[in-house]
Amino acid sequence: AKVLVTGANGYLATWVVAKYLESGYSVRGTVRSLPKSTFLKDRFSHYGDRFELIVVEDITKDGAFDEVIGGVDVVVHTASPFHFKATDPEELITPAVRGTTSILSSALKHRNTVKRVIVTSSVAAIREDSPQPRIYTEGNWNNAAVEGVKTKGSAAGSAAIYLASKTLAERAAWDFVAVHKSEISWDLVVINPPFIFGPSLSPAPTIDDINTSQREIYDTLTGARTGERLQNQGNWVHVAVAAEAHVRAAHAVRAGGQRIIVRSGPFFYQDILDVAAELGIPNVPRGVPGSTRDIPVITTLQTTKAEELLNLTQVTPLIDVVDESVEDFKARGYRG
Ligand code: NDP
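Each chain has its residues counted from 1, running along the sequence as written. Residue-level local features of this predicted model are given only where pLDDT is at least 70; pairs of side-chain atoms are given and counted only at 80 or more, and the full residue set underlies all totals for whole chains, interfaces and linings.

*Asks:* Could you clarify how one ought to interpret the site of the ligand in this entry?
*Replies:* Around the ligand, 23 residues are found, and the nearest of them are Gly7, Gly10, Ser80, Pro95 and Ser213. By the criteria applied, helices consist of DSSP H or I runs no shorter than four residues and strands consist of E runs no shorter than two, each listed in order from the N terminus. Among the elements of the structure, α1 (11-22) and β8 (195-197) are those that each provide at least two residues to the shell around the ligand. Among the elements that line the shell around the ligand, the one with the most residues is α1, at three residues. A class-by-class count of the residues in the shell around the ligand yields eleven nonpolar, ten polar and two charged. Put plainly, near means the residue's C-beta atom, positioned from the backbone, lies within 6 Å of the molecule or strand in question. Under the grouping applied here, Gly and all other residues not named as nonpolar or charged are polar, the nonpolar ones being Ala, Val, Leu, Ile, Met, Phe, Trp, Tyr, Cys and Pro and the charged ones Asp, Glu, Lys and Arg.

Below, the structure written as structure tokens:
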């Protein structure tokens, strides 16, 4: 069987490609730039012609994927901008939404071969900011971010712009499926991860090349996050688990038509410093050790679907992922 993975050079996608290859699939990856992606060719060269790379320069163009989707059984769409630097909402929303509808239109044209489409959404499309502790399920949508960007535009802030881009892109995917219900033969699975942590498989030479979620750990270890911001909290998932979910989603029959949260657990930024101290990593700020112990967890992500539909039950301790991340950062020049 053959899978198409968009944005194959990305942090998550590289793991997704590796796991599909390991499980026997042929993989066709799309990238925007070949020179930036030679590491993929090197890394997966032992798979011979089971791995190929194709350039799709502009994923927002109508028909951008029409040709590359030919002969493919499974489509995994991960390509989408992920950063907190946008000043104009359209900078993220256009590629997120148009990229999604563009690949779904191409999958519609190839309905005789494509059996399943898997889209990487995010907990960003589920969780709304709430001061009160809340349990979230796949029934929840982040309407607040969309409203915020709609009413305030750029003033909503770069984080809200990203959250809205993921919410709108995922909605566009479900809307597309609803509108074309009678014409399509494939089904849609959406994976919703929180922050993805863990080592990158790309040998990018510098620390500037780490992606946005790895940077959360890096910035905490290097003291860019201080004071009250160390008491902030979030949820995370190991990159290997997030990638595995994208592979199991191809086989799990009952996953069709579902959005699925995948997560390893909640964390406080202070916890990253506490486990770094436990690991004996040098020159890491201390913050206020143990200070988050009595703060209630604000966001609980229910994972019943991941367990039932994908049989994903792994829970990785934060200390392990921080350890692995530091090794990755060291390879890029981090000296602590
Ligand atoms: P990366 O930044 O490492 O990879 C993003 C990929 O998308 C790259 O291949 C990039 O290509 C491509 N891309 C970005 N912008 C565009 C664009 N305008 N047009 C075409 N391609 C584009 O991010 P991640 O691996 O972290 O994220 C991958 C996916 O996972 C995204 O959909 C993200 O929203 C989602 N996600 C990530 C989480 C995380 O914590 N990392 C959490 C939840 C969801 P190029 O290299 O050419 O820019």
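*Asks:* Any chance you could explain the nonpolar core here in plain terms?
*Replies:* Soluble globular proteins: nonpolar side chains tend toward being buried together. For our purposes the nonpolar core covers buried Ala, Val, Leu, Ile, Met, Phe, Trp, Tyr and Cys residues that link as a set through C-beta atoms within 7 Å. Partly exposed residues are those whose C-beta has more than 12 but fewer than 20 other C-beta atoms within 10 Å; with 20 or more the residue is buried, with 12 or fewer it is exposed, and the C-beta atoms are placed from the backbone. In terms of nonpolar packing, the biggest core is built from 101 residues, with Val3, Val75, Ile118, Ala245, Ile260 and Val262 touching the most fellow members. The contact criterion used here is simple: two residues whose C-beta atoms, placed from the backbone, lie within 7 Å are in contact. Discounting chain neighbours no more than four positions away, the residues touching Val75 are Leu4, Ile69, Ile103, Ala107, Val114, Val117 and Ile118.

*Asks:* I would appreciate a short explanation of the pairing of strand β3 (residues 51-55) in the present structure.
*Replies:* Consecutive side chains along a regular strand alternate between the two faces of the sheet. We call two strands paired when DSSP finds no fewer than two bridges between them. Taken together, the five bridges between strand β2 (residues 26-31) and β3 define a ladder with parallel strand orientation. Note that in β3 the partner of Thr30 across the bridge is Ile54. The β-α-β motif built from β2, the intervening helix α2 (residues 38-43) and the parallel element β3 has right-handed crossover chirality. Here is how to tell: hold the view so the strands point away, follow the path from the first strand over the helix to the second, and if it runs clockwise the crossover is right-handed.

*Asks:* I would appreciate a short explanation of the sheet that holds strand β9 (residues 233-238) in the present structure.
*Replies:* The strands that make up a sheet are held in pairs by hydrogen bonds between backbone atoms, and each pair lies either parallel or antiparallel. Here three strands make up an open sheet; going across it, the order is β8-β9-β11 and the pairing mixed. Bordering the open sheet on either side are β8 and β11 (265-268), each of which pairs with just one other strand. Direction aside, the axes of adjacent strands within the sheet are offset by 50 degrees on average. Where β9 lies against β11, four bridges are found, and the strand directions are antiparallel. Considered in β11, the bridge of Trp236 is made with Gly265. Working convention: axes come from line fits to C-alpha atoms, limited for helices to the stretch in contact. Angles between N-to-C directions cover 0 to 180 degrees. Against the sheet, helix α7 (residues 239-251) engages β8 and β9, with an angle of about 60 degrees to β9.

*Asks:* How should unusual backbone geometry be read in this particular structure?
*Replies:* Of all residues except glycine, most have a negative phi; of all peptide bonds, most are trans. Of note, Asn283 is a non-glycine position whose phi angle comes to about 60 degrees, a positive value. Looking at the secondary structure, you find Asn283 in the loop between α8 (269-278) and β12 (299-301). The class of Asn283 is exposed, set by 10 C-beta atoms lying within 10 Å. The backbone phi angle of Asn311 is positive, close to 55 degrees, even though this residue is not glycine. Note that Asn311 resides in the loop between α9 (304-310) and α10 (318-331). Using a count of 10 C-beta atoms within 10 Å as the deciding quantity, one classes Asn311 as exposed.

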